[in-house]
Amino acid sequence: MRIRIVGAGAMGRGIAQWAASAGHTVELGDVRPEAVKEALDFIASMLDRAVAKGRTTAADRDAAVARLVPLAEPWAAGPAVELVIEAVREDLETKAEVFGKLERALPASAVFATNTSSLSVTRIAATLRDPSRLAGLHFFNPVPLMRIVEVVPGAATRPEIPVLLTELVEGCGHRAVTVADTPGFLVNHAGRGLVTEALALLEESVADPAEIDRIARDVLGLRMGPFELMDLTGLDVTAAVIDSIWQGFRYEDRLRPSFLTPNRVVAGLHGRKTGRGWYAYGDGASGPAPESAVTGDADRPVFLALAGRPETASYEEELTASLEAGVRVERGVGPSAEAVVLVPVWGTPVSAAVADGGLPRERTFGVEVLPSAGRRRVLAVTAAGDPAAARDARAVLARAAGGEEPYGVSVVRDTAGSVAQRLLSSVVAVGCSIAERSLAAPADIDLAVTTGLGYPAGPLAWGERIGAVRMLALQRALHASTGDQRHRPTRWLTERAALGLALTDPGTSPADCLG
């Protein structure tokens, strides 16, 4: 295929390298001719590195470079061009101007694709004489390494075009997911679950960014915590995406932005690129400060106030077995005067357990029951907690069984559920919301999130690991405890819990029943 790429910046050059390496002839144009030369030099250097690392051969490198065709101007005549991929700046008027010139210069048979990440594909297409020839083809940076591409049909896109684009993407070695033309498309939309809930936890002073990041990494198994991720991406970019998706979905509570971000953006606290964000960078500082040392009495006895609910019984059994292997766990109807009391929480605050169970408020604390992806536990402290007792409870939780290295123990403010439960619930809820709106197929949601965001599981598969019934109990408890609509269960989850269907199961649609 002969492909023309308009825009020789970071995305355009990455797309050009990807397509040329896969055997396609690639024309590369930009309004700045020097940008084309810089892009070609950059691509050659990237291919040289691939040869040095043994990922490609010198012959394949030379063949890919030979397939790159520099253009004097991006809208030159091109009767043989079959596909145009636009990768210019994210501005509707700019993209409309580019496609208008291309429409006049290229044959009607050429398919147009926009690499927009946030603009409506339908609105861009509407500026053309023939809007049916355009679709979205959203790549992620760096293109050669991020092996996922969103194919986004506009409202008027011809049905054969998404098929053609999917075949192109997969023929070049990437995975394609078809996504509805909605704010954020799929990956950016799905990513709001983690970041918006992390900001909500910070708003409520549940924990500081470093503690939330530790829990996200060590309990949930994420490669990077949400605040580390915002610093890497840039808070200016993240905040703009959050706002645009929230507005685009007509102020959906589940996607609600934080009041914390606008002032930080104005102050230039964007993250790594400005030297300071949620963390400081440069001059010897990089990322969060080290975790505080454990200083309490690990020999203090523990009383576990188990709820015995079916949805948490197995988690409570795991916690009990782990503690009994390393610390002194009391048995009986109530705690001794010496024991610290640990309450396994599932969507409810520790304060409610203190009131309902008549537990000693100064020495009763919450403990996370989600199985940890690393060696970390989470201790929740109420406003009535005694600091010395909390230090002892932290030391008890840090003591691991079998003489292994001790656990890290995060200390957070009491909240409904816990940090890990709220983050996970939000990730799953946003994924379920995407599925129930039919914005993408369940398998594509999970594929896009694991590939594009690097999560250990897609939101639907992750929720399925926990179990639909258990997830529903968590979200109902969060919603009832807080009254916040952001925690309300989705129809997708509620229905599948009732029917015994997997969250990953697309289920039967009315169309399936029409013969």
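Residues numbered from 1 in each chain as written. Predicted model: local features only at pLDDT ≥ 70, side-chain atom pairs only at ≥ 80, totals over all residues. Heavy atoms only, no water.

(A) Region of the structure containing the overall build of the protein chain. Helix and strand counts for the protein chain come out as 20 helices and 16 strands. Here the C-alpha atoms of the protein chain give a radius of gyration of 26 Å, agreeing with the 24 Å that 2.2 N^0.38 yields for 515 residues. Based on the C-alpha atoms only, the size of the protein chain along its principal axes is roughly 85 × 60 × 45 Å. The buried share of the protein chain, reckoned over its 515 residues, is 53%. (Helix = DSSP H or I, 4+ residues; strand = E, 2+ residues; numbered from the N terminus. Rg over C-alpha atoms; globule rule 2.2 N^0.38 Å. Buried < 20%, exposed > 50% of the residue type's maximum accessible area, 1.4 Å probe, protein only.)

(B) Focus on unusual backbone geometry. Note the cis peptide between N141 and P142, where omega equals 0°. By secondary structure assignment, the location of P142 is in the loop between β6 (134-138) and β7 (148-153). Even without a glycine there, the phi angle at R250 is positive, about 55°. Mapped onto the fold, R250 is located in the loop between α11 (235-248) and α12 (261-266). Taking the relative accessible area as the measure of exposure, R250 reaches 66% and is therefore exposed. One non-glycine residue with positive phi stands out, namely Y251, at about 65°. Tracing the backbone shows Y251 in the loop between α11 and α12. Of the residues examined, Y251 reaches a relative accessible area of 48% and is grouped as partly exposed.

(C) Focus on the sheet that holds strand β8 (residues 175-178). Sheet architecture is open: eight strands sit in the order β3-β2-β1-β4-β5-β6-β7-β8, paired in mixed fashion. Looking along the sheet, the strands with just one partner apiece sit at the ends: β3 (68-70) and β8. Taken pair by pair, the neighbouring strands of this sheet meet at an average axis angle of 25°, ignoring direction. Across three bridges, strand β5 (residues 111-114) lies against β6 in parallel orientation. By the bridge assignment for β6, F112 is matched with L134. Against the sheet, helix α4 (residues 92-105) touches β1 (2-6), β4 (83-86), β5 and β6, its axis set at about 165° to β5. (Pairing = 2+ DSSP bridges. Axes fitted to C-alpha atoms, helices over the stretch in contact; angles between N-to-C directions. Contact = heavy atoms within 4.5 Å.)

(D) Looking closely at the nonpolar core. In terms of nonpolar packing, the biggest core is built from 117 residues, with L102, F112, F227, L342, L370 and L423 touching the most fellow members. Per-element tally for this core: the top contributor is helix α16 (residues 419-436), with ten residues. Once residues lying within four places of it in the same chain are set aside, the contact partners of L370 are V219, L220, Y315, W346, A420, Q421, L424 and I466. (Core = buried A, V, L, I, M, F, W, Y, C linked by side-chain atoms within 4.5 Å.)

(E) Representation of the layout of surface pockets within the structure. Its boundaries defined by the atoms lining it, the second largest pocket holds a volume of some 670 Å³. Lining the second largest pocket are 28 residues, and of these Q17, L47, A50, P144 and L145 lie nearest its centre. For the lining of the second largest pocket, the secondary structure elements donating two or more residues are α1 (10-21), α2 (33-52) and α3 (58-66). Of all the elements, α1 adds the most residues to the lining of the second largest pocket, at six residues. (1 Å grid on protein atoms, 1.4 Å probe; cavity = no way out; pocket = protein on both sides within 12 Å on 5 of 7 lines; lining within 4 Å. Points joined across faces, edges and corners; volume = space filled by probe spheres on them.)

(F) Main features of the packing of α2 against α3. The contact between α2 and α3 brings their axes to 9 Å, and the two run at 165°. Regarding the angle of α2 to α3, the classification is roughly antiparallel. As α2 runs across α3, the sense of the crossing is right-handed. The segment α2 lies against α3, with A44, L47, D48 and V51 engaging A58, R61, A64 and V65. (Parallel < 35°, antiparallel > 145°, perpendicular 65-115°, else oblique. Left-handed = near helix turned anticlockwise from the far one by under 90°.)

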